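Next come the chains, spelled out residue by residue.
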Amino acid sequence: MIAFLKKYEGLWLFVHSPAAMIAALLAALILLGAVFAPWIALVDPYDLASFSLFDGLLPPAWEDGSNPKYLLGTDDQGRDMISSILYGARLSLVIGLSALTIAAVLGVGLGLAAGYYGGRFDAIVMRIADVQLALPAILTALLIDGIARGILPTAIQQDLRVAVLTLAIALSLWVNFARTARASTFVQMNKEYVQAAIMMGQHPLRVMFVHILPNILGPLLVIMTVDLASAILLEATLSFLGIGLPADSPSLGTLIRIGMQFLLSGEWWILWIPTVFLVVLVVSINILGDFLRDVFNPRLR
Amino acid sequence: MLTIKDLSVKFPSRFGDITAIEDVDMVIKPGEIHGLVGESGAGKSTVGAAVIGLLQSPGYVANGTLTLGDTDLRTLTPDQAHVMRGDRISMIFQDPQTSLNPLMTIEDQLIETIQAHSDVSVSAARKRAVDLLEEIGIKNAAQRIKAYPHQFSGGMRQRVVIALAVSTDPELIIADEPTTALDVAVQSQVLDLIQRLAKERQIAFMLITHDIGVIAQVADRVTVMRKGRVMETGGTAQVLGTPKHPYTQALMDAVPPLDRKIDRFQVPEADEASRDDGDLAENWLLEGQQHDLTGLSLQNLTVRFAGPRTSLFRKPPHYVALDDVTLNIKPGSIMGLVGESGSGKSTLAKAITGLVTPNAGTMTLGDTALPFGKSRSRHHPSRQLVQMVFQDPYSSLNSRHRIGDILTEPLRFYGFVKDATERENLARSMLALVGMQPDAITKYPHQFSGGQRQRIAVARALLARPRFLICDEPTSALDVSIQAEILNLLKDLQSKFGLTILFISHNLAVVRQMADETAVLRHGKIEEIGETDAVYTAPTAAYTKSLLELTPVMPTSWQA
Amino acid sequence: MVYFILKRMFQSVFVMLAVAFLAFSLFRFVGDPITQMTGVETSVADQERLREELGLNDPFVYQFARFTGDMLKGDFGFSYRTRQPVADMISSRIPATLELGVVALIISLLVGVPAGVYTALKPRGVLTQAILMTTLVGVSIPTFVIGIMLIFIFGVQLGWLPTFGRGGTVQIGGWESSLFMIDGWRALLLPAITLGVYQLTLTMRLVRAEMMEVMRTDYIRFAMARGVPMRRLHYKHALANTMVPVITIIGLQFGGVIAFSIVTESVFQWPGMGLLFLESIRFVDIPVMGVYLVVIAFFFVLVNLIVDLLYVAIDPRLRIKDVS
């Protein structure tokens, strides 16, 4: 009985936490919408032929002068807002998730090794992390972007924007993973099961990945969720600053930047609908992150 | 006088209330030390917490009466209860390292406590604090009082904790395992202090402990608890010497005596798996004895650790963990190694297993030299021949791996058995051999109790076909009755498979039951070494003598 | 203690050197400095002469040493874009950013610490749940959106506060301050709140987590058992111990404040270093980018050194030797 409860405690807590369930539902909906955007969306915002200027600046369906075909209205180019947002979320999520994966692999790998070997290797990794910390996420991302502008020929720059943006975000997030993995590994290194494995003469890689890694997944999962939110925010911020993605392949941040032009005119939906959508997405992810933190650290409940 | 009647405490959980303690009755008179003893999960600490009104949220007192003098403790408002804490009831915690606020001086903490309960000036409070510290045995108190907690040693810190507890002249002090974290010598001083305070100041003590020896030494009366209920209560000599309740009898049978060796503990035979299931593993182990009995000898082994660096120009001071240790463990025998915390016992085990690199000396396993630390290759034969049973069964098994994975890992790693099904069968059989159900193989460690986990840890060690086994405090995390079972198991296995064992423990009584020879370690040096009986009956080193004298035991006269 | 501080200083120097190296590599390897400095009409021979004059043909280590030396002397080179000395460009922008950052940090501490303490002491209260939910939304709204919302509400709809620029400033010995004029404060308010909100939520959550951790320790339980008055227990015992880790993180956050000021400055057209940095990225003005990096890292390192000193002041374990 107790074993059963322990095993499914996370699940039990989940179905008894309305906030977590709603957040999961919203996040799942947005994820599905983003994945299936090409099949759901009314128009393809990248394809100039699929929309027309004549449909421009239509308000959402509940306002006067709207076209019921465009439920949330259109922008100045005549693009359906829902379609833009779905494609925008798709791009934001692709960048966020790939940056997260790179950061996690790099950070967890370095953190595990630093915690396992300790000593000089640990010192070097941590000093690099110090330098990285002195240059906060947004600065790192901007810098990499600037470097890419300086090094890459202009022709390639446009094609590589997504890659550069992803790399910039990944590099600014790896420290979180490295520090968490290192701290957790230190705790595990003192556990007797790890000493037993080392004593047996098992390969360091096996000790790190088969023995230690499964035991530090909890805190890493929390970092992963929180950092996914950060990655999406960072991408939006960079695109907002006009340094991320160009207007013809809009992410959520780019959509908001475009919407800013309509802050003072009457077309509020062009700015606020993508904004609300972005906030809902990030809030959902953060609520899930909070929930996971509670599950893995029950004392804070 | 504290009177507890029909006390029950419940913890609401999402699956209904869980009863922590039920129908607990107890009376503690002024000046009386009342021992509250029981194994983990008995609810001893819950009784103390309920009396002082500090039950862990969301626990609550569901029933019964609690009265101190003529005050009904259950009717107090939270504010009234808080004012009474310290004033009339106080508490001493287990670990003096963590019970004092590290950022405040001893003086500040004493004065704030005194002023919280009596309307006196700072200078009067300070004077009282200094007098109290002197009384409690802190010399030069007027100056020492300005110090921060980290400037005191563990024993001194526990004295400060006691000073804080008595600084407001309470009627009752709840002492929750007050000496468990202390070494024998300090423990005896603290126990003396508690006895003196009870007598001179007529303070009633509720002494919560798992250590029967401590109870025997200082308690006037004792209450035995199990699973939240009182089993037996009465005068200490009667309850411990001629227990009436079957549980108390079984408990007393499981307590290892210091003054004699018993061959096997009497433990109720659990519903162990049929021993036949273990035949496969037994035969496999026996056929694997291609090596002869394997001894181990250490010559002049020295281990130094660099201390923390505190200056740019001076080299960090060395901390000598093992100092010129020479130890010869005869093939097929059990060598006991006793010592207090920090004596270097665990460092010795780590040096043998290669986790720590000695600075000097030699180690010889059987007749081959054992390379040190990092220079020992991962494929060195000793990695298989030497196995270890660790102290904490909650950390020695990887909680994310199935028992089956944990047990078959050595079989695969050392290349003993190539076939996965065969490995599984052998692992099942080994579980039976150590007294577990073979179907445990599909479960995870958290599904087992501490004692069961320790059996699994023993099974894992055996599946490496070791010839030399290090047991580092293998029972100190376990309850007495479980300890007795594990000690029986280790004895059986040792005699059956001719293992050589290094048995490390801080518990002199346990080592006496296990070891053929005993070495006494202190500050990294061997103080004494010899036949176990000789060491215990006629110790030569002064240190051994004092250890034996200061270890709390039950007077022989009580035994029926 | 002296060793502890020396060690931290050594680490700081390492961080500064690493950042200087980064800035140097930027300057040296991102694009060719010579083509940036000269026009199309400059002959190849002239370019070569300039290259030789600037020492760009010297060994790498030598160049880096000279680069660092120049920086120490306050010579930060010239901007590619404006041809002005970078030192002047940056230093004229420092006051705006520092005032913004410090005010934002103070707002975040003034609100964040009390809110953290409250939610830790009353973990099940209704207000606590409300605060927690609000801050969760707070960390999820991008800084620029908060800025836009504030502009929209207080600038556009209500028209109470200016939406861009620094307003009135006073020149005090080369330091252009907006703290001495009502107009300056009015202009500072919205950007500072925008920048402070994110830090505030972080501070609050951190204080809460640490405080709850401290409230579970033995020494707090022992203080409870001795009947130490609740107020004293919460503030003298618990909060003081909470501040030890909190101070570290606040030091780290300061870097974040300065970095996020880039976004805030962009939204409010606040004439600080961040805005300059953004412009220099857009024009690939490498010298300015590099120096900005070094300046940011310097502030970060300086604040963290101060934090270490505070640490020593708060924690007697670092100050007084252990006798046992």
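Residues numbered from 1 in each chain as written. Chains lettered and ligands numbered in written order. Predicted model: local features only at pLDDT ≥ 70, side-chain atom pairs only at ≥ 80, totals over all residues. Heavy atoms only, no water.

- The name an unreviewed UniProt entry gives chain B is ABC transporter ATP-binding protein, with Halocynthiibacter styelae as the organism.
- What UniProt states about chain B under its Subcellular location (unreviewed entry) heading is, verbatim, "Cell inner membrane".
- Of chain B, the UniProt comment under Sequence similarities (unreviewed entry) reads exactly: "Belongs to the ABC transporter superfamily." (UniProt positions renumbered as here; feature names shortened; annotations may be inferred.)

- An unreviewed UniProt entry annotates chain A as ABC transporter permease originating from Halocynthiibacter styelae.
- UniProt's Subcellular location (unreviewed entry) comment on chain A is quoted here verbatim: "Cell membrane".
- Under the heading Sequence similarities (unreviewed entry), UniProt records this for chain A: "Belongs to the binding-protein-dependent transport system permease family."

**Focus: the overall build of chain A**
Okay, step 1: Looking only at helices and strands, chain A has 13 helices and 0 strands in total.
Okay, step 2: Going residue by residue from the N terminus, the α and β elements of chain A occur as α-α-α-α-α-α-α-α-α-α-α-α-α.
Okay, step 3: Burial analysis of chain A (301 residues in total) assigns 54% to the buried set.
Okay, step 4: When contacts within chain A are restricted to residue pairs at least 6 apart in sequence, those whose partners lie at least 24 apart make up 70%.
Okay, step 5: A total of about 12700 Å² of accessible surface is found on chain A, and carbon and sulfur atoms cover 70% of it. (Helix = DSSP H or I, 4+ residues; strand = E, 2+ residues; numbered from the N terminus. Buried < 20%, exposed > 50% of the residue type's maximum accessible area, 1.4 Å probe, protein only. Contact = heavy atoms within 4.5 Å. Areas by Shrake-Rupley, 256 points an atom, 1.4 Å probe, with all protein chains shown as cover.)

**A few points about the packing of aromatic side chains**
Okay, step 1: Inspection of the entire model under this criterion finds 16 aromatic pairs over all chains.
Okay, step 2: Here the aromatic rings of Phe413(B) and Tyr414(B) are separated by 5.3 Å at their centres, their planes lie at 80 degrees, and the arrangement is edge-to-face.
Okay, step 3: For Phe413(B), a relative accessible area of 30% puts it in the partly exposed group.
Okay, step 4: Residue classification places Tyr414(B) among the buried residues on the basis of a relative accessible area of 18%.
Okay, step 5: Relative to Phe67(C), the ring of Phe24(C) lies with its centre 5.3 Å away and its plane at 55 degrees, an arrangement referred to as tilted. Here the residue Phe24(C) occupies a position in helix 1 (residues 2-29), and Phe67(C) occupies one in helix 4 (residues 60-72), the gap between them amounting to 43 residues. For the pair shown, Phe24(C) and Phe67(C) are each scored as buried.
Okay, step 6: Taken together through their ring pairs, the aromatic side chains of Trp284(B), Phe413(B), Tyr414(B) and Phe416(B) make up a single cluster.
Okay, step 7: One residue, Arg465(B), lies across the ring of Trp284(B), its end atom 4.0 Å from the ring centre.
Okay, step 8: The ring centre of Phe222(C) lies 4.8 Å from the NZ or CZ of Arg226(C), which sits over that ring. (Phe/Tyr/Trp six-rings, centres within 6.5 Å; stacked < 30°, edge-to-face > 60°. Lys NZ or Arg CZ within 6 Å of the ring centre and 35° of its normal.)

**Section: the confidence of the model for chain A**
Okay, step 1: In the predicted model, chain A carries a mean pLDDT of 81, and 86% of its residues have values of at least 70.
Okay, step 2: Here helix 1 (residues 2-7) of chain A stands out as the least confident element of chain A, with mean pLDDT 49; helix 10 (residues 204-212) of chain A is the most confident, with 94. (pLDDT = per-residue confidence, 0-100.)

**Regarding the UniProt feature "transmembrane region" (unreviewed entry) in chain A**
Residue and element names in this part refer to chain A.
Okay, step 1: The residues that UniProt annotates with the feature "transmembrane region" (unreviewed entry) are residues 20-42, 91-118, 124-148, 160-181 and 269-292.
Okay, step 2: Each end of residues 91-118 is marked by a C-alpha atom, and these two atoms are 39 Å apart; helix forms 96% of the span and strand 0%.
Okay, step 3: The annotated region residues 269-292 carries 100% helix and 0% strand content, and the separation between its end C-alpha atoms amounts to 34 Å.

**Topic: unusual backbone geometry**
Residues and elements named next belong to chain B.
Okay, step 1: A cis amide bond links Ser57 to the next residue, Pro58, at an omega of 5 degrees.
Okay, step 2: Mapped onto the fold, Pro58 is located in the loop between helix 1 (44-52) and strand 4 (60-68).
Okay, step 3: Phi is positive for Asp23, which is not a glycine, with a value near 50 degrees.
Okay, step 4: Position of Asp23 relative to the elements: it lies in strand 2 (residues 16-28).
Okay, step 5: With a relative accessible area of 40%, Asp23 lands in the partly exposed category.
Okay, step 6: The backbone of Asn140 shows a phi angle near 55 degrees, a positive value even though the residue is not glycine.
Okay, step 7: Note that Asn140 resides in the loop between helix 4 (122-136) and helix 5 (141-144).
Okay, step 8: Accessibility expressed as a relative area gives 44% for Asn140, which makes it partly exposed.

**Looking at a nonpolar patch on the surface**
Okay, step 1: A cluster of nonpolar residues, Leu31(A), Leu32(A), Val35(A), Phe36(A), Trp39(A), Ile40(A) and Leu97(A), forms a patch on the protein surface that exposes about 710 Å² of accessible area.
Okay, step 2: At 3 residues, helix 3 (residues 18-35) of chain A tops the list of elements feeding residues into the nonpolar patch. (Patch = residues over 30% accessible without salt bridge, like charges linked within 9 Å, V, L, I, M, F, W, Y side chains within 5 Å. Salt bridge = Lys/Arg side-chain N within 4 Å of Asp/Glu carboxyl O.)

**Some words on the sheet that holds strand 11 (residues 296-306) of chain B**
All names here are of chain B.
Okay, step 1: Pairing within the open sheet is antiparallel, and its 4 strands lie in the order 12-11-14-15. Lying at the two open borders of the sheet, with one neighbouring strand each, are strand 12 (318-329) and strand 15 (368-369).
Okay, step 2: In this sheet, strand 14 (residues 360-365) lies alongside strand 11 in antiparallel orientation, the contact comprising 5 bridges. Within strand 14, the residue paired with Ser297 across the bridge is Thr364.
Okay, step 3: The sheet contacts of helix 12 (residues 345-353) involve strand 11, strand 12 and strand 14, and relative to strand 11 the element is tilted by about 110 degrees. (Pairing = 2+ DSSP bridges. Axes fitted to C-alpha atoms, helices over the stretch in contact; angles between N-to-C directions.)

**Side note on the interface of chain C and chain A**
Okay, step 1: Each partner contributes residues to the interface: chain C has 50 residues there, and chain A has 40 residues.
Okay, step 2: Carbon and sulfur atoms supply 80% of the area that chain C and chain A bury against each other, a total of about 3900 Å² over both sides.
Okay, step 3: Looking at the side of chain C facing chain A, the largest losses of area belong to Ser140(C), Phe144(C) and Ile148(C), adding up to 14% of the total buried there.
Okay, step 4: Linking chain C with chain A are 1 salt bridge.
Okay, step 5: Between Arg205(C) and Asp290(A) there is a salt bridge, with the nearest N and O atoms lying 3.1 Å from each other.
Okay, step 6: For the interface between chain C and chain A, the tally reads 2 residue pairs in polar contact (both at pLDDT 80 or more).
Okay, step 7: For the side of chain C that touches chain A, the secondary-structure elements that each account for two or more residues are helix 1, helix 6 (126-140), helix 7 (143-157), helix 8 (182-215), helix 10 (230-268), helix 11 (273-282) and helix 12 (286-314) of chain C.
Okay, step 8: Considering every element that reaches the side of chain C that touches chain A, the biggest residue donor is helix 10 of chain C, with 9 residues. (Buried area = accessible area lost by both parts, 1.4 Å probe. Polar contact = N/O pair within 3.5 Å; in protein donor to acceptor, adjacent residues only side chain to side chain.)

**Section: the environment of Gly165(C)**
All names here are of chain C.
Okay, step 1: With respect to the secondary-structure elements, Gly165 resides in the loop between helix 7 and strand 1 (170-172).
Okay, step 2: Under the relative-accessibility criterion, Gly165 is labelled buried at 17%.
Okay, step 3: Taking the C-alpha atoms as reference points, Gly165 and Trp175, separated by 10 residues in sequence, lie 17 Å from one another.
Okay, step 4: Discounting residues that sit within four places of it in the chain, Gly165 has contacts with Ala187, Phe268, Gln269 and Trp270.

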